[in-house]
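Read off the chains here:
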Amino acid sequence: MKVATIDGAQGGCLCGAVRYKIAQQPKSLVHCHCKDCRRAAGAPSVAWMILPAEGVRWISGEPRTVESSPGVMRGFCSNCGTSLTYRETSSRYIDVTTATLDEPSDLAPIKEIWVEQRLAWDVLDESLPHFARSSIGKEPIN
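Reading guide: rules and limits
Residues numbered from 1 in each chain as written. Predicted model: local features only at pLDDT ≥ 70, side-chain atom pairs only at ≥ 80, totals over all residues. Heavy atoms only, no water. Salt bridge = Lys/Arg side-chain N within 4 Å of Asp/Glu carboxyl O. Helix = DSSP H or I, 4+ residues; strand = E, 2+ residues; numbered from the N terminus. Buried < 20%, exposed > 50% of the residue type's maximum accessible area, 1.4 Å probe, protein only. Pairing = 2+ DSSP bridges. Axes fitted to C-alpha atoms, helices over the stretch in contact; angles between N-to-C directions. Phe/Tyr/Trp six-rings, centres within 6.5 Å; stacked < 30°, edge-to-face > 60°. Lys NZ or Arg CZ within 6 Å of the ring centre and 35° of its normal. Core = buried A, V, L, I, M, F, W, Y, C linked by side-chain atoms within 4.5 Å. Polar contact = N/O pair within 3.5 Å; in protein donor to acceptor, adjacent residues only side chain to side chain. Contact = heavy atoms within 4.5 Å.

### Points about the pattern of salt bridges
Under the criterion given, the structure shown has three salt bridges. A salt bridge links glutamate 54 to arginine 92; the nearest nitrogen and oxygen atoms lie 3.9 Å apart. In this pair, glutamate 54 is assigned in the loop between strand 4 (46-52) and strand 5 (56-60) and arginine 92 in the loop between strand 8 (83-88) and strand 9 (93-97), connecting sequence segments 38 residues apart. Across the pair arginine 133 and glutamate 116 runs a salt bridge whose closest N-O atoms are separated by 2.6 Å. With a gap of 17 residues between them, arginine 133 in the segment after strand 10 (111-113) and glutamate 116 in the segment after strand 10 connect regions that are remote in the sequence. On the basis of relative accessibility, which here comes to 48%, the residue arginine 133 falls in the partly exposed class.

Structure representation (structure tokens):
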């Protein structure tokens, strides 16, 4: 499945203090069901666009970051709390919350990850490949 072209798309947090522009094509679009993403976002699951770190340009403000687990930095607006980014410190990629784009409708996830931790009432999209945990180097479980 091909990832939609979004070079130049913009987004930001709820209050507008942090704004960004996408300067590169995402590597992937995922829908994550892990408990850490759920807690960080206060939502049953989170859609992420994964792109090289240099593919995100902060055009006003910058996220505050916190180490949510060893080697993982999560970024959020320090004013309104909007969850914005996820980055493993050892990776050259950054995940940006898809729903914070100004126009996220064309960026549907192409796979669902960490489905072994999904909430029982959070319905999976049966048209997408599902991965028990990370999809990196793995085959789908469906």
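Don't stop here, the text continues.
### Points about the sheet that holds strand 5
Spatially, 1-2-5 is the arrangement adopted by the three strands of the open sheet, whose pairing is antiparallel. On the outer flanks of this sheet lie strand 1 (10-12) and strand 5, each paired with one strand and no other. The mean inter-strand angle of the sheet, taken between neighbouring strand axes irrespective of direction, is 30°. Pairing between strand 2 (residues 19-22) and strand 5: four bridges, direction antiparallel. Along strand 5, the bridge assignment pairs tyrosine 20 with tryptophan 58.

### A closer look at the sheet that holds strand 3 (residues 28-32)
With respect to topology, seven strands assemble into an open sheet ordered 6-7-8-9-4-3-10, the strand pairing being mixed. Both edges of this open sheet fall to strand 6 (64-69) and strand 10, since each of them pairs with a single strand only. Neighbour to neighbour, the strand axes of the sheet diverge by 30° on average, direction disregarded. Sheet topology places strand 6 next to strand 7 (residues 72-76); five bridges connect them, and they run antiparallel.

### Quick look at the packing of aromatic side chains
All chains considered together, the criterion is met by two aromatic pairs. Across from the ring centre of phenylalanine 131, 5.8 Å away, lies the NZ or CZ of lysine 111, which sits over that ring.

### Observations concerning the nonpolar core
Core analysis: the largest hydrophobic core is formed by 16 residues, its most contacted members being Tyr20, Ile22, Met49, Leu51, Val56, Val96 and Leu101. Elements represented by at least two residues in this core include exactly strand 2, strand 4 and strand 9. Counting 11 residues, the second-largest nonpolar core is a separate cluster that includes Val30, Cys34, Ile50 and Ile113.

### Regarding the side chain of serine 45
Tracing the backbone shows serine 45 in the loop between helix 1 (35-41) and strand 4. Of the residues examined, serine 45 reaches a relative accessible area of 15% and is grouped as buried. Within the structure, the side chain of serine 45 is placed 2.6 Å from the side chain of histidine 31, a separation counted as a polar contact. In contact with serine 45, other than residues within four places in its own chain, are His31, Cys32, His33, Arg38 and Asp122.

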